[in-house]
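Now for the letters of each chain:
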Amino acid sequence: MSDIFGIEGKKEKIKELIKKLHQGYPLEEAKKEFSKYIGDINPDQLAKIEEELIRDGMPVDEVHKLCDAHIALMKESLEKSKPKNLDNSHPIQILYNEHDRLIDFSEKLKEMINSGNIAPEKFDHIIEHLKESEKHYIREENALFPFLEKHGITQPPAIMWMEHDNIRALKKQIYSIADKKEYIATEELKNLTKQLHELLSSHFYKENNILFPTALRVITDNEWVTIRKDFDKIGYCCFTPEPGEFKIDIEEAVVAKSSGDEGWIQLDTGKFKKEEIEAILNSLPIDITFVDANDEVRYFNQSKERIFARTKAVIGRKVQQCHPQKSIHIVNKIIEDFKNNRRESADFWINMNDRLIYIRYFPVRDKNGRYLGVIEVTQDVTKIKNLKGEKRLLDD
């Protein structure tokens, strides 16, 4: 292979080839040009090229559609960058191992359905693992993606999150059939399990060969310690990984020590010590998240039974990056209305795992009405909704 360009020249040539693919240029011809003029490329260079294409005006969904094509264009080059001999306790190796397990489950499910002979116990076992795999995607979205974004890698995580939602939608259709416990290999189920296996294979390939190698190149050792701690808090699917063998996160310890204040926090109607107000907020039976006037996540409480996952990695993250692409226009609408005094609240409620979840947003303003940010309050109101009559006595 030739390498006649410098880094910037490579980037421009690849952008040119991707744009040509977008206009219908044959993939095989593009591969020849890539081999002749470019040679090898690192995954993080490709990630940055995707960022530049979007900044240049190419829509995100178009970059997403072209993703398979430009990965095929650079397949040999990208696969050389896949890391080897990672410790099994490393967050990225955990994700790699889970990918292997989940692909295996989807393959076995597809084969079972195609054979027409569904073994109920095995079928239910696989479905249960697929349901548990939601933790895999939550860990990526809430612990890994924020650190990629802090290092300037924003669009590849956004595209992967879009694919997570596609996977969720497909699995939801499979679960609705599986929950009937009829164990019949219908054409619909055959088609759905085939689609799931193909989607997981494509998605995991992109993460294994682009997103994860990029993360390993840009995220620091101390940040990996934090990510592993957040992984442990959220939990795992398919298997429990080895305990993390990381050094103490010195940076995090220094920050915690320097921020400790033994004095009082004086308010208009009383005062608290730091540990008191933190304990009060964590004791509330609701999830609270505060987003400041710059749309950055500043705080969340740690209630005993959180409804939606939150990790320290989201602190400082733009709130728009904490939501899937399909919801960002709603987030922006709420914030814009709050900033312009057009709305004083925004309420939503959803059914999740047989629970009714009430999600409310309120603008936060100072005494002079100046906008300081927005607070999200989430509560499980299942029991509240079912209250009847009165209760005036304390239970024994």
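Residues numbered from 1 in each chain as written. Predicted model: local features only at pLDDT ≥ 70, side-chain atom pairs only at ≥ 80, totals over all residues. Heavy atoms only, no water.

On to the overall build of the protein chain. Along the backbone of the protein chain there are 15 helices and 7 strands. Put simply, the protein chain has 396 residues, and 43% of those count as buried. Residue pairs in contact within the protein chain that sit at least 24 positions apart in sequence constitute 64% of those at least 6 positions apart. Of the roughly 22,000 Å² that the protein chain leaves accessible, carbon and sulfur atoms contribute 51%. (Helix = DSSP H or I, 4+ residues; strand = E, 2+ residues; numbered from the N terminus. Buried < 20%, exposed > 50% of the residue type's maximum accessible area, 1.4 Å probe, protein only. Contact = heavy atoms within 4.5 Å. Areas by Shrake-Rupley, 256 points an atom, 1.4 Å probe, with all protein chains shown as cover.)

Judged by nonpolar contacts, the single largest core of 51 residues is most densely connected at I92, F123, I127, L144, L148, I219 and I227. Those elements that provide at least two residues to this core are α6 (91-115), α7 (120-132), α8 (134-150), α9 (155-178), α10 (187-218) and α11 (221-234). Ranked by the residues each element gives to this core, the list is headed by α9, at 10 residues. Residues within four places of F123 in sequence aside, it is in contact with L109, M112, I113, I118, A178, Y183 and L189. Ranked by size, the runner-up nonpolar core spans 16 residues in total, among them V297, I307, I334 and F338. (Core = buried A, V, L, I, M, F, W, Y, C linked by side-chain atoms within 4.5 Å.)

For the rest of this paragraph, the subject is the sheet that holds strand β5 (residues 346-352). Within the open sheet, the 5 strands sit side by side as β4-β3-β7-β6-β5. Their pairing is antiparallel. Two strands bound the open sheet, and with one partner strand each, they are β4 (297-300) and β5. With strand direction ignored, the average angle separating the axes of adjacent strands in the sheet is 20 degrees. In this sheet, strand β7 (residues 371-380) lies alongside strand β3 (residues 287-292) in antiparallel orientation, the contact comprising 6 bridges. Note on β7: the bridge partner recorded for D287 is T378. In this fold helix α14 (residues 328-339) packs onto β5, β6 (355-365) and β7, with an angle of close to 40 degrees to the strand it touches most, β6. (Pairing = 2+ DSSP bridges. Axes fitted to C-alpha atoms, helices over the stretch in contact; angles between N-to-C directions.)

Pairing of β6 with β7, which is carried by 9 bridges, proceeds in the antiparallel orientation. Counted as the bridge partner of R360 is V377 from β7. Counting the residues that bridge the hairpin from β6 to β7 gives 5 residues, and of these G369 lies at a positive phi of roughly 85 degrees.

Before going further, it helps to examine the side chain of S133. Note that S133 resides in the loop between α7 and α8. Note on S133: relative accessible area 1%, which makes it buried. Among the polar contacts made by the side chain of S133, one reaches the side chain of K171 at a distance of 2.8 Å. (Polar contact = N/O pair within 3.5 Å; in protein donor to acceptor, adjacent residues only side chain to side chain.)

Now for the packing of α6 against α10. Contact geometry of α6 with α10 gives a least axis separation of 9 Å together with a crossing angle of 165 degrees. With respect to their mutual orientation, α6 and α10 come out roughly antiparallel. Note on packing geometry: the crossing formed by α6 with α10 is left-handed. Each residue belonging to the contact of α6 with α10 can be placed in one class, and the counts come to 14 nonpolar, 7 polar and 5 charged. (Parallel < 35°, antiparallel > 145°, perpendicular 65-115°, else oblique. Left-handed = near helix turned anticlockwise from the far one by under 90°. Nonpolar A, V, L, I, M, F, W, Y, C, P; charged D, E, K, R; others polar.)

Quick look at the confidence of the model for the protein chain now. Per-residue confidence for the protein chain gives a mean pLDDT of 85; residues scoring 70 or more make up 81%. Within the model, the stretch residues 1-5 combines pLDDT values under 50 with 16 contacts to residues more than four positions away or in other chains. For residues 247-261, every residue scores under 50 in pLDDT, and the model assigns this stretch 12 contacts once sequence neighbours within four places are set aside. (pLDDT = per-residue confidence, 0-100.)

So, about the pairing of β5. Note that β5 and β6 share 7 bridges and pair antiparallel. For M352, the partnering residue across the bridge sits in β6 and is R355.

Moving on: the pattern of salt bridges. In this structure the tally under the stated criterion is 28 salt bridges. For E107, the salt bridge is made with K110, and the minimal N-O distance between the two is 3.9 Å. Here K110 and E107 lie together in helix α6, a separation of 3 residues that amounts to about one turn. What makes E107 partly exposed here is its relative accessible area of 23%. (Salt bridge = Lys/Arg side-chain N within 4 Å of Asp/Glu carboxyl O.)

On to the packing of α9 against α10, then. Close contact between α9 and α10 brings their axes to 10 Å; oriented N to C, the two are set at 160 degrees. Here α9 is positioned roughly antiparallel relative to α10, judged by the angle of their axes. Judged by the twist between their axes, the crossing of α9 over α10 is left-handed. Touching P156, P157, M160, E163, H164, N166, I167, L170, K171, Q173, I174 and I177 of α9 are E188, L189, L192, T193, Q195, L196, L199, L200, H203, K206, E207 and L211, all from α10. Of the residues assigned to the contact of α9 with α10, the class counts are 13 nonpolar, 6 polar and 5 charged.

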